[in-house]
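Here is how the chains run, residue by residue.
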Amino acid sequence: MNPGLKKYLSEVFRDRVRFDEPMSVHTSLKIGGPADAYVMPVQEEELVFLVDRLKKDGVFYCVMGAGTNLLVRDQGIRGVVISLAEGFTKIRKAAGGANRVVARSGARLAAVCRYALKHSLSGMNFALGIPGSVGGAVTMNAGTGLGSMAGVVENLRMLFDDGVAMSLDKSRIQWSYRGFAIARPGRDKSGEGIILEAEFLLCPADPNLLKKEAHSLIQKRKTTQPWRAASAGCFFKNPDSGDSAGRLIDSAGLKGFRVGDAEVSKKHANFIVNRGHASADDILRLMEAVQERVYKNFNLKLEPEVKIVGQ
Ligand SMILES: Cc1cc2nc3c(=O)[nH]c(=O)nc-3n(C[C@H](O)[C@H](O)[C@H](O)COP(=O)(O)OP(=O)(O)OC[C@H]3O[C@@H](n4cnc5c(N)ncnc54)[C@H](O)[C@@H]3O)c2cc1C
């Protein structure tokens, strides 16, 4: 990292920047080499200036939420990781209506779910047990069989890499399976940017029924998923054929299959877990072995749902 940028980051962010920060500390897989710098902005203005400076210096940057869908390679990230999970966490009622909730992108989905339950609003229970942040959940169109972000997001506030921050209503969002794209006004190309906040449209509901549903959903997760193990949730996307990746991996006899400390969970075959000291390389070799076996058995190529970043 160039000394000028290092000086700028140290002076502006003080105890909110860390250099050579191991990403294993920030990912649910507990894996990942060091990022050159890990920065935790707390204000939108600060973030705008940071992105502008990184662009001018030609330094790579990426945004992370809670790190629950990330595999960071062992040599880490040459560039700057911007974490919004520490500073951008506020959740509030929207000005425009009692059923609307606005959450900043670093807020945990769990906190949004709790907020909705507290205010007797239904619509967010599908997200119970998804451990990510709002920004990560929107990026991934996170969800379950019961719903996904596409069903509840009304509006997004985003910062684009030319420094423009704007709100976009849902007509500008194109949702896909575990993804989304933005049609930015006045631009031909879809815009990519940093999600600053999301507005959710929920429905008034009976608080007791909501709490009962929430309890049973959490219980179900605990019995069907390796709840306490280090993982990034489902590792592979379900194929277009309509089959489930987990069922295919299980049918291929891969439950419990290991490379080093990386293991196909015995509880849920689409979870790859770190049993202690797995490296990113172990996970990647296990991923390839699973892809090969499933391809050989079913003629289907499984694509990772987990985002793989770094070197
Ligand atoms: C035990 C477990 C269970 C899970 N269950 C589910 C499930 O049921 N359904 C499901 O869909 N997923 C599930 N996941 C995966 C994961 O929790 C979700 O994908 C979650 O939405 C990721 O959010 P995050 O904040 O951790 O994102 P991260 O892992 O930090 O990032 C994911 C991607 O989002 C981008 N990103 C993050 N924040 C922003 C932002 N503000 N602006 C722009 N880009 C951003 C990152 O650059 C990255 O590309 C599970 C994971 C675990 C560990």
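What counts as what
- Residues numbered from 1 in each chain as written.
- Predicted model: local features only at pLDDT ≥ 70, side-chain atom pairs only at ≥ 80, totals over all residues.
- Heavy atoms only, no water.
- Helix = DSSP H or I, 4+ residues; strand = E, 2+ residues; numbered from the N terminus.
- Rg over C-alpha atoms; globule rule 2.2 N^0.38 Å.
- Contact = heavy atoms within 4.5 Å.
- Areas by Shrake-Rupley, 256 points an atom, 1.4 Å probe, with all protein chains shown as cover.
- Pairing = 2+ DSSP bridges.
- Axes fitted to C-alpha atoms, helices over the stretch in contact; angles between N-to-C directions.
- Domains from an automatic or database assignment.
- Buried area = accessible area lost by both parts, 1.4 Å probe.
- Salt bridge = Lys/Arg side-chain N within 4 Å of Asp/Glu carboxyl O.
- Polar contact = N/O pair within 3.5 Å; in protein donor to acceptor, adjacent residues only side chain to side chain.
- Buried < 20%, exposed > 50% of the residue type's maximum accessible area, 1.4 Å probe, protein only.
- Parallel < 35°, antiparallel > 145°, perpendicular 65-115°, else oblique.
- Nonpolar A, V, L, I, M, F, W, Y, C, P; charged D, E, K, R; others polar.

> Can you walk me through the overall build of the chain in this structure?
Along the backbone of the chain there are seven helices and 20 strands. Here the C-alpha radius of gyration of the chain, 20 Å, is about what a compact globule of 311 residues would show, namely 19 Å. Within the chain, contacts between residues at least 6 apart in sequence are counted, and of these 62% link residues at least 24 apart. Taken as a whole, the chain presents about 14,900 Å² of accessible surface, with 49% of it coming from carbon and sulfur.

> What is the right way to read the environment of Lys211 from this model?
Looking at where Lys211 falls in the secondary structure, it is placed in helix 5 (residues 207–224). Along the primary structure Lys211 and Leu117 are separated by 94 residues, whereas in three dimensions their C-alpha atoms are 7.0 Å apart.

> Whenever I open this one, the sheet that holds strand 3 (residues 61–64) confuses me. Can you help?
Working definition: the strands of a sheet are paired by backbone hydrogen bonds and lie parallel or antiparallel to each other. With respect to topology, four strands assemble into an open sheet ordered 1-2-5-3, the strand pairing being mixed. Sheet topology places strand 1 (17–22) and strand 3 at the edges, where each strand pairs with a single neighbour. The mean inter-strand angle of the sheet, taken between neighbouring strand axes irrespective of direction, is 30 degrees. Where strand 3 meets strand 5 (residues 77–83), four bridges bridge the pair, whose relative direction is parallel. Considered in strand 5, the bridge of Met64 is made with Ser83. In the packing of helix 1 (residues 3–13) onto the sheet, contacts are made with strand 1, strand 2 (34–39) and strand 5, and the angle to strand 1 comes to roughly 120 degrees. Lying on the sheet, helix 2 (residues 44–56) is in contact with strand 2, strand 3 and strand 5; it crosses strand 5 at an angle near 165 degrees.

> For this particular structure, what's the right way to read the domain arrangement of the chain?
Where interface size is given, it is often the accessible area lost as the parts come together that is meant. With domains assigned, the chain is organised as domain 1 (3–83), domain 2 (91–224) and domain 3 (245–309). Summarising the inter-unit geometry, the C-alpha centres of domain 1 and domain 2 are found 24 Å apart. Roughly 990 Å² is buried in total at the junction of domain 1 and domain 2, and carbon and sulfur atoms are behind 65% of that figure. Between Asp161 and Lys55 there is a salt bridge, with the nearest N and O atoms lying 3.9 Å from each other. Between domain 1 and domain 2 we count one residue pair in polar contact (both at pLDDT 80 or more) in total. Broken down by secondary-structure element, the contributors of at least two residues to the side of domain 1 that touches domain 2 are helix 2 and strand 3. At five residues, helix 2 tops the list of elements feeding residues into the side of domain 1 that touches domain 2.

> Can you walk me through the side chain of Glu154 in this structure?
Considering the arrangement of structural elements, one finds Glu154 in strand 11 (residues 153–160). If we skip the residues at most four places from it in the chain, Glu154 touches Arg100, Leu168, Asp169, Lys170, Glu199 and Leu201.

> Help me understand the pairing of strand 13 (residues 173–176), please; the structure alone is not making it clear to me.
A regular strand places its side chains so that they alternate between the two faces of the sheet. Across four bridges, the pairing between strand 13 and strand 14 (residues 179–182) is antiparallel. Bridging from a neighbouring strand, Ile173 pairs with Ile182 of strand 14. Linking strand 13 back to strand 14 in an antiparallel pair, the connection comprises two residues, with Arg178 at a positive phi of about 55 degrees.

> Is there a simple way to think about the pattern of salt bridges in this case?
A side chain with one charge may pair with a side chain of the opposite charge, provided their charged atoms come close. In total, this model carries 22 salt bridges according to the counting rule given. Between Glu197 and Arg92 there is a salt bridge; the shortest N-O distance is 3.6 Å. With Glu197 in strand 15 (residues 193–201) and Arg92 in strand 6 (residues 91–93), the pair connects residues that are 105 residues apart, well separated along the chain. Taking the relative accessible area as the measure of exposure, Glu197 reaches 16% and is therefore buried. The partner of Asp250 in a salt bridge is Lys255, and the shortest N-O contact between them spans 3.5 Å. For Asp250, a relative accessible area of 35% puts it in the partly exposed group. Look at Lys255 and you get partly exposed, because its relative accessible area is 34%. Through salt bridges that share partners, Arg258, Asp261, Glu263, Lys266 and Arg275 make up one connected network.

> Please clarify how the packing of helix 1 against helix 2 should be interpreted in this entry.
Two quantities define a packed helix pair, namely the angle between the helix axes and the distance between the axes. It is the contact of helix 1 with helix 2, at a shortest axis distance of 12 Å, that shows an interaxial angle of 175 degrees. Taken together, the axes of helix 1 and helix 2 lie roughly antiparallel to each other. Where helix 1 approaches helix 2, its residues Gly4, Leu5, Tyr8, Leu9 and Phe13 are matched on the opposing element by Glu46, Phe49, Leu50, Arg53 and Leu54. Residue classes in the contact of helix 1 with helix 2 are distributed as seven nonpolar, one polar and two charged.

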